[in-house]
Amino acid sequence: MSERITPDTEPDPYADFSAVLRDEFSDVHPAATVTRCIEAAHYGALEVTGHAHPALVERIARKHLEVLALVASERG
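Residues numbered from 1 in each chain as written. Predicted model: local features only at pLDDT ≥ 70, side-chain atom pairs only at ≥ 80, totals over all residues. Heavy atoms only, no water.

Colleague: Requested: an account of the packing of helix α1 (residues 15-24) against helix α3 (residues 54-75), with residues and values cited.
Modeller: Orientation of α1 relative to α3, taken along the N-to-C sense of each, is 15 degrees, at an axis distance of 11 Å. On the basis of their axis angle, the class for α1 and α3 is roughly parallel. Taken as a pair, α1 and α3 cross one another with a handedness that is right-handed. Facing Phe17, Leu21 and Glu24 of α1, the residues of α3 in contact are Pro54, Val57, Glu58, Ala61, Arg62 and Leu65. (Axes fitted to C-alpha atoms, helices over the stretch in contact; angles between N-to-C directions. Helix = DSSP H or I, 4+ residues; strand = E, 2+ residues; numbered from the N terminus. Parallel < 35°, antiparallel > 145°, perpendicular 65-115°, else oblique. Left-handed = near helix turned anticlockwise from the far one by under 90°. Contact = heavy atoms within 4.5 Å.)

Here it is, written out as structure tokens:
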């Protein structure tokens, strides 16, 4: 299902990898957690580098999700 673009909305630059990360981490994290990590990565990239290129946001979000998965596995 594709999102219809109107003059008031812009396409989500992270839509492609958002779905990939949701699928990749579905056995560990709910979709809401993945979304929150992507949002945190977006704002972190803006704060540190001044821009939020999708490849950078994906790398940061993936690291967040990996760390959260590691913590979850250690808790049992």
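Colleague: Give me α1: which residues, what numbers.
Modeller: Of all the residues in α1, the buried ones are Phe17, Ser18 and Leu21. Each buried residue of α1 sits inside an arc of 110 degrees when the element is viewed along its axis, so together they form one side. In α1, those exposed residues whose orientation departs by more than 90 degrees from the buried face are Asp16 and Asp23. Those residues of α1 that are buried are in contact with α2 (31-49) and α3. (Buried < 20%, exposed > 50% of the residue type's maximum accessible area, 1.4 Å probe, protein only. Arc of directions from axis to C-beta.)

Colleague: Can you explain the nonpolar core? Please cite residues and give values.
Modeller: Membership of the largest hydrophobic core comes to 13 residues, with the highest contact counts inside it found for Tyr14, Phe17, Leu21, Ile38, Val57 and Leu65. Every element with two or more residues in this core is listed here: α1, α2 and α3. Top contributing element to this core by residue count: α2, with five residues. For leucine 65, the contacting residues outside a window of four places in its chain are Leu21, Phe25, His29, Thr33, Val34 and Cys37. (Core = buried A, V, L, I, M, F, W, Y, C linked by side-chain atoms within 4.5 Å.)

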